[in-house]
Amino acid sequence: MNKHNILVTGGAGFIGSHLVRHLVGKYPDRTTVNLDKLTYAGNPANLRDIESAGNYVFVRGDICDAALVADTIRRYNIGAIVNLAAETHVDRSIDDPSVFARTNVLGTLTLLQVARDCWGGEAADKRFYQVSTDEVYGSLPLGGGAFSESSPYAPHSPYSASKASADHFVRSFGDTYSLPTLISNCSNNYGSYQFPEKLIPLMVNNIRLDRPLPVYGSGLNVRDWLHVEDHVEAIDLILHNGRPGETYCIGGSNERTNIDLVRLLVRTTDRLLGRSEGTSERLITFVGDRAGHDMRYAIDSSKLRRELGWQPLRTFEEGIEQTVAWYLENIEWLDSVTSGDYMHYYDRMYSGR
Ligand code: NAD
Ligand code: TYD
């Protein structure tokens, strides 16, 4: 791939902000442009430390806005697009799927069409990279197997259905128009700056505030957790060394049941807050299950390890300790993102379950 400038969409969100920080620091001679609509999940404060860097540009806007996307690609001589902009919360997708179809499907299609138009016959050294999820593969039984690049798509939630649909469009643009596309499907990420509607920051925030910890169903659902910075390093590697047209699965090989993870978060948060062991155990509350709740996700990332030499560098134990510590040291950030309509949403989503 050429040393073009890079357009990251959704760069003010959780993974996007880590990716933008990484690219801005690692490629000082290239401009990283962050196009983000700033929905409830996007927060410019996630990038405060690099916002005045000379090789960073922020554009507020919607990936469904073809004119703005075209203008951005041309103005900044963009040669690589990494699409992370999305609606990402499964519970919200159950509540209202339509915005998931709009942003995740139509937004991705808009980016593909505009990239094709702007790059024309000179697309060979350009890259369109779709950041996707393991949830497109559906659910695994407890105890057996792992998803890989050859697993059939079988999404269950409106969120995963929208991401699956976007992946199909991306692949079709590679096959039909020879657009050099890349897709990666990653397992659950954890780390700093994650919006506290997702399991880990939601639990840490509730433990510190002495609020109930809602565990869906039996708590025995399994997720494969990967530190966000290990994901970002994989994206960088795939963007620069991945083979166009290919898909890469990214995972931590680090499976945990939800209830074991919540108990670990209780122990870690209580300890870091100076509370005696077990103080917040009583907050654990089993609530009604999520509709269509996938039982287990696990990823076989041997292709990425073998072909591109990737491996996760952070152990789960260290990563969780640092992550909990980060949220507790950044209470101002937690309070700011949970103000506004967050509590209204939270009460509606979680209290009546
Ligand atoms: P997030 O919800 O934290 O951030 C999404 C960002 O996209 C926000 O900044 C938001 O403002 C922006 N956005 C939403 N709609 C937009 C639109 N129409 N136009 C422009 N910007 C828009 O999400 P995340 O957890 O950082 O996930 C980023 C990407 O990675 C998503 O595509 C998601 O499907 C994928 N992914 C996430 C995980 C995970 O565990 N979080 C795992 C695998 C893949
Ligand atoms: P989540 O962070 O929403 O990620 P995903 O659904 O994309 O895997 O949820 C992770 C797991 O935790 C999932 O099995 C649902 C469960 N969960 C709870 O038990 N309680 C909660 O309050 C939340 C948000 C999630």
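(A) Examining the pattern of salt bridges more closely. Following the criterion strictly, the structure yields 22 salt bridges and no others. For Lys303, the salt bridge is made with Glu246, and the minimal N-O distance between the two is 2.5 Å. Taken together, the residues span a long stretch of sequence, with Lys303 in helix H9 (residues 302–308) and Glu246 in the loop between helix H7 (228–241) and strand E11 (247–250) at a distance of 57 residues. By relative accessible area, Glu246 is classed as partly exposed at 23%.

(B) Region of the structure containing the site of ligand 1. Close contacts around ligand 1 come from 28 residues, with Ile15, Asp36, Thr88, Tyr159 and Lys163 the closest. Thr103 places a side-chain nitrogen or oxygen 3.2 Å from a nitrogen atom of ligand 1. For ligand 1, the accessible surface in isolation is 830 Å², of which the surrounding protein chains cover 97%. Ranked by residues supplied to the shell around ligand 1, first place goes to strand E5 (residues 127–133) with three residues. In terms of residue class, the shell around ligand 1 is made up of twelve nonpolar, twelve polar and four charged.

(C) Looking closely at helix H10 (residues 316–329). For H10, built from 14 residues, the straight-helix expectation of 20 Å at 1.5 Å per residue is met to within 8% by its first-to-last C-alpha distance of 20 Å. Those residues of H10 lying buried are Phe316, Gly319, Ile320, Thr323, Val324, Ala325, Trp326, Tyr327 and Leu328. Of the surrounding secondary structure, the elements contacted by the buried residues of H10 are strand E7 (189–190), helix H6 (199–208), strand E10 (226–227), strand E12 (255–257), helix H8 (258–272) and helix H11 (331–337).

(D) Structural context of the nonpolar core. By size, the foremost hydrophobic cluster in this structure holds 31 residues, and its most contacted members are Leu19, Val82, Tyr129, Ile238, Ile250 and Leu304. Core analysis: the second largest hydrophobic core is formed by 28 residues, Ile207, Leu213, Val266 and Trp326 among them.

(E) Summary view of the environment of Asn189. Within the fold, Asn189 resides in strand E7. Distance from Asn189 to Val228, taken between C-alpha atoms, is 5.3 Å for residues 39 residues apart in sequence. Setting aside anything within four residues of it in sequence, one finds Asn189 in contact with Phe14, Ile15, Gln194, Trp225, Leu226, Val228 and His231. Within the structure, the side chain of Asn189 is placed 2.9 Å from the backbone oxygen of Ser187, a separation counted as a polar contact.

(F) Summary view of the domain arrangement of the chain. Taken domain by domain, the chain consists of domain 1 (5–190 + 225–250) and domain 2 (199–222 + 255–295 + 315–350). For domain 1 and domain 2, the distance between their C-alpha centroids amounts to 27 Å. Taken together, the contacts link 16 residues of domain 1 with 23 residues of domain 2. A combined buried area of about 1,700 Å² lies between domain 1 and domain 2, and 54% of that area is made up of carbon and sulfur atoms. By the criterion of area lost to domain 2, the three top residues of domain 1 are Asp91, Tyr190 and Trp225, representing 38% of everything that side buries. Counting the contacts that link domain 1 with domain 2 gives one salt bridge. Here Asp91 makes a salt bridge to Arg290, at a shortest N to O gap of 2.7 Å.

(G) Seen up close, the site of ligand 2. Surrounding ligand 2, one finds 17 residues, the nearest of these being Glu135, Pro214, Arg223, Arg290 and His293. Glu135 has a polar side-chain atom sitting 2.5 Å from an oxygen atom of ligand 2. Here an oxygen atom of ligand 2 sits 2.7 Å away from a polar atom, N or O, in the side chain of His293. For ligand 2, whose free accessible area comes to 510 Å², the fraction covered by protein is 97%.

(H) Structural detail: the sheet that holds strand E3 (residues 56–60). The parallel open sheet is built from seven strands, whose spatial order is E3-E2-E1-E4-E5-E6-E11. Where the open sheet ends on each side, the last strands, each with one partner, are E3 and E11. Ignoring strand direction, the axes of neighbouring strands in this sheet form an average angle of 20°. Across four bridges, the pairing between strand E4 (residues 78–83) and E5 is parallel.

(I) Structural context of helix H1 (residues 14–26). For H1, spanning 13 residues, the distance from its first C-alpha to its last is 19 Å, which sits close to the expected 18 Å at 1.5 Å a residue. Of the positions making up H1, those classed as buried are Phe14, Ile15, Gly16, Ser17, His18, Leu19, Val20, Leu23 and Val24. The inward-facing, buried residues of H1 abut strand E1 (5–9), strand E2 (32–36), E3, E4, E7 and H7.

About the thresholds
Residues numbered from 1 in each chain as written. Chains lettered and ligands numbered in written order. Predicted model: local features only at pLDDT ≥ 70, side-chain atom pairs only at ≥ 80, totals over all residues. Heavy atoms only, no water. Salt bridge = Lys/Arg side-chain N within 4 Å of Asp/Glu carboxyl O. Helix = DSSP H or I, 4+ residues; strand = E, 2+ residues; numbered from the N terminus. Buried < 20%, exposed > 50% of the residue type's maximum accessible area, 1.4 Å probe, protein only. Near = heavy atom within 4 Å. Polar contact = N/O pair within 3.5 Å; in protein donor to acceptor, adjacent residues only side chain to side chain. Areas by Shrake-Rupley, 256 points an atom, 1.4 Å probe, with all protein chains shown as cover. Nonpolar A, V, L, I, M, F, W, Y, C, P; charged D, E, K, R; others polar. Expected span 1.5 Å × (residues − 1). Contact = heavy atoms within 4.5 Å. Core = buried A, V, L, I, M, F, W, Y, C linked by side-chain atoms within 4.5 Å. Domains from an automatic or database assignment. Buried area = accessible area lost by both parts, 1.4 Å probe. Pairing = 2+ DSSP bridges. Axes fitted to C-alpha atoms, helices over the stretch in contact; angles between N-to-C directions.

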